[in-house]
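Topology and contacts: notes
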Amino acid sequence: MFDKVKELAEEIKSVRVKTQEDLENYRLRFISKKGAFPSLFQQMKDIPNEKKKEFGQAINEIKQLAQDRFKEFINELNGNENDNLESSFDLTLPAEDSIGSIHPISATRNTIIDIFKRIGFNVEDGPEIENDWHNFTALNFPPDHPAREMQDTFFIEKNPDMLLRTHTSNVQIRLMNKQKPPIRSIMPGRVFRNEAISARAHCIFHQVEGLFVDENVSFQDLKATLYHFSKEMFGKDTQIRFRPSYFPFTEPSAEIDVSCFICGGKGCNICKYTGWVEIAGAGMVDPNVLSNCEIDPEKYTGFAFGMGIERITMLKYQIKDLRLFTENDIRFLKQFKTVQW
Ligand SMILES: [Zn+2]
């Protein structure tokens, strides 16, 4: 009987497993409950009592051997499979493209900040949820004045009014409250208006406003500053023009156009064949606004301007639909991979 045990041990040692089928055959022969071992154990009854212990130990040893080898075979086969998987990759394919890109709105904002920083403007920030005073009244929107209707507002609370800021001008008021002239800052940020979402309008968008208050600040300073900005932003040949306009917080007020940087002013569908595209609103800070912030309008003057980051980004990259900025469609965002700022 001991010979049978030895034979089985030799058999186990001689097995070679190269495929899953080999492995399954091995399992059926040496591991499963219908394999070689149960029948060996059954022969225990024919063994003389004094040999039973030795026989049982011998079977258990080779049973352990069979199980150890089974584990080895599994590891070897899985290892081989991994090798096959690796060799099935085409190593000449381009690497997976998972590096992100800067959002076009961020790129434009950063470019604008960079231009103004170089001429001495710092960056100011303020709250997006604002009270009536900082968003309207201090900016010379009297209560019940029709100018308030120019900006459809999301109110959070009424009496006293709390609202989502409709422009970043609230930061100008907060800045003038805490800092006396000279003030030379820009205020980039998110603003909210109750507009139906379409290709040309959104309820959330971004502005950059600027404020310069000091002694003897003139309209000439405003023109020179925006002229410099336009050339830096859109190219050295860019021209600007001022059209008279109205804002409650500036007097006089103007809307600013730049010569179309697509057609160079000859006329194209971007500029609607006028040669000019509107980029900003601006003006001299109304003396009432300075007074509201306890800055003496007899001593100090200032200019302010504001521009839409989406508007400039759409012009710069000829994007036709405002909604693309917030849809987070990776096919859109990937197109800005090479954008530097
Ligand atoms: Zn044009």
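Please read all numbers here as calculations on a predicted model, not as lab measurements.

Brief notes about the coordination of the zinc ion
Taken together, the protein donors to the zinc ion comprise Cys260 (SG), Cys263 (SG), Cys268 (SG) and Cys271 (SG), at separations of 2.2 to 2.3 Å. Because the angles between the 4 donor atoms bound to the zinc ion fall within 102 to 114°, the donor set is best described as tetrahedral. On the primary sequence, the residues serving as donors to the zinc ion are separated as C-x2-C-x4-C-x2-C. For the pair shown, cysteine 260 and cysteine 268 are each scored as buried.

Observations regarding the pattern of salt bridges
Taken as a whole and judged by the stated rule, the model has 15 salt bridges. When the shortest N-O distance is used, the salt bridge between glutamate 54 and lysine 51 registers 3.9 Å. Residue glutamate 54 and its partner lysine 51 are located together in helix α4 (residues 49–87), separated by 3 residues, close to a single helical turn. Overall, the relative accessible area of 41% leaves glutamate 54 in the partly exposed class. Salt bridges linked by common partners bring Arg241, Arg243, Asp257 and Glu278 together as one network.

What about the sheet that holds strand β2 (residues 129–131)?
Read from one edge to the other, the open sheet built from 3 strands follows the order β2-β4-β3, with strand pairing classed as antiparallel. The outermost strands of the open sheet, each flanked by one partner alone, are β2 and β3 (155–157). Sheet twist, expressed as the mean angle between neighbouring strand axes with direction ignored, is 35°. Pairing geometry for β3 and strand β4 (residues 162–164), over 2 bridges, is antiparallel. By the bridge assignment, phenylalanine 155 is partnered in β4 with leucine 163.

Considering the sheet that holds strand β9 (residues 276–285)
An order of β1-β5-β6-β10-β9-β8-β7 is seen for the 7 strands of this open sheet, with the pairing classed as mixed. The open sheet has two edge strands, β1 (122–123) and β7 (240–247), and neither has a second partner. One ladder, built from 7 bridges, connects β7 with strand β8 (residues 250–259); its direction is antiparallel. Across the sheet, the residue bridging to serine 245 is serine 253, located in β8. Relative to the sheet, helix α8 (residues 219–234) contacts β7, β8, β9 and β10 (301–308), its axis offset from that of β7 by approximately 125°.

Section: the pairing of β8
β8 sits mainly inside the fold: 8 of its 10 residues count as buried. Linking β7 back to β8 in an antiparallel pair, the connection comprises 2 residues. Pairing of β8 with β9 involves 8 bridges; the strand directions are antiparallel. The partner of valine 258 across the bridge, within β9, is valine 277.

Definitions and cut-offs
- Residues numbered from 1 in each chain as written.
- Predicted model: local features only at pLDDT ≥ 70, side-chain atom pairs only at ≥ 80, totals over all residues.
- Heavy atoms only, no water.
- Donors = N, O, S within 2.8 Å, 3.2 Å for Na, K, Ca; no water.
- Tetrahedral: all angles 85-135°; square planar, octahedral: opposite > 155°, others 65-115°.
- Buried < 20%, exposed > 50% of the residue type's maximum accessible area, 1.4 Å probe, protein only.
- Salt bridge = Lys/Arg side-chain N within 4 Å of Asp/Glu carboxyl O.
- Helix = DSSP H or I, 4+ residues; strand = E, 2+ residues; numbered from the N terminus.
- Pairing = 2+ DSSP bridges.
- Axes fitted to C-alpha atoms, helices over the stretch in contact; angles between N-to-C directions.
- Contact = heavy atoms within 4.5 Å.

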